[in-house]
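# Per-entry structural report
Listed below, chain by chain, are the residues.
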Amino acid sequence: MFLLLLFLLAAAVSSQAADAYDSTYINTLNMTDAEIAEVYGIDSTKIQVKPTRQELQEDKEPEYVMREYNHREQVIVGVSVMLCVALAMVMMNNYNPMR
């Protein structure tokens with residue numbers, strides 16, 4: 001009985017919090033910038049307009065990293081990994097060539 005009472009009390013408190021949140025919600029979808037500033041109390045003279053990250057990067061020349069690939073080394077590593085996998089299959093007795 002006590003748990004039921006506690007549950008009902010918690011539900012009432014959470015619904016009051018949700019109602020308080022909903023009453024402060026303002027839909028600014030169809031408002032102009034001046035109306036939004038009036039609602040939220042934003043002073044447009046104090047807002048600092050900074051360049052975006054894209055604007056900061058536009059002036060720089062792109063930097064490319066030239067990568068040297070050693071294909072022989074890649075082949076040797078790949079073959080050794082595949083041999084280890086084949087050896088593991090034989091040791092676990094999952095590979096039966098007689099089938």
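A short tour of the structure in this document, coming up. Please read these numbers as outputs of a predicted model, since none were measured by experiment.

## A short note on the overall build of the protein
Each helix and strand in the protein was counted, giving four helices and zero strands. Looking at the 99 residues of the protein, the share that counts as buried comes to 1%. Surface summary for the protein: the accessible area is close to 10,400 Å², and the carbon and sulfur share equals 62%.

## Description of a nonpolar patch on the surface
Together, Ile26, Val39, Tyr40, Ile42 and Ile47 line one region of the surface with nonpolar side chains, adding up to about 430 Å² of accessible area. The exposure class assigned to Ile26 is partly exposed, which follows from its relative accessible area of 34%.

## Details of helix α4 (residues 71–91)
At 3.6 residues per turn, the α-helix brings residues three or four places apart onto the same side. Taking 1.5 Å of rise per residue, the 21 residues of α4 would be expected to cover 30 Å, and the 30 Å separating its terminal C-alpha atoms lies within 8% of that figure. Directly after α4, the chain includes Asn93, whose backbone phi takes a positive value near 65°.

What counts as what
Residues take numbers from 1 onward in each chain, read along the sequence in its written order. pLDDT decides what is reported in this predicted model: residues at 70 or higher carry local features, side-chain atom pairs at 80 or more are listed and counted, and totals for whole chains, interfaces and linings draw on all residues regardless. Side-chain figures throughout are based on the complete set of non-hydrogen atoms in the structure, without hydrogens or water. Strands are runs of DSSP state E lasting at least 2 residues, helices are runs of H or I lasting at least 4, and numbering of each runs from the N terminus. Only protein chains enter the area calculation, which uses a 1.4 Å probe; residues under 20% of their type maximum are buried, those over 50% are exposed, and those in between are partly exposed. The protein chains shown are the only cover counted for residues, whose accessible areas, like all others here, come from Shrake-Rupley with a 1.4 Å probe. A residue counts toward a patch only above 30% relative accessible area and without a salt bridge, and it is joined to like-charged neighbours within 9 Å or, for Val, Leu, Ile, Met, Phe, Trp and Tyr, to nonpolar neighbours within 5 Å. In the sections that follow, a salt bridge refers to a side-chain nitrogen of Lys or Arg positioned within 4 Å of a carboxyl oxygen of Asp or Glu. A helix is expected to reach a length of 1.5 Å times the quantity of its residues less one.

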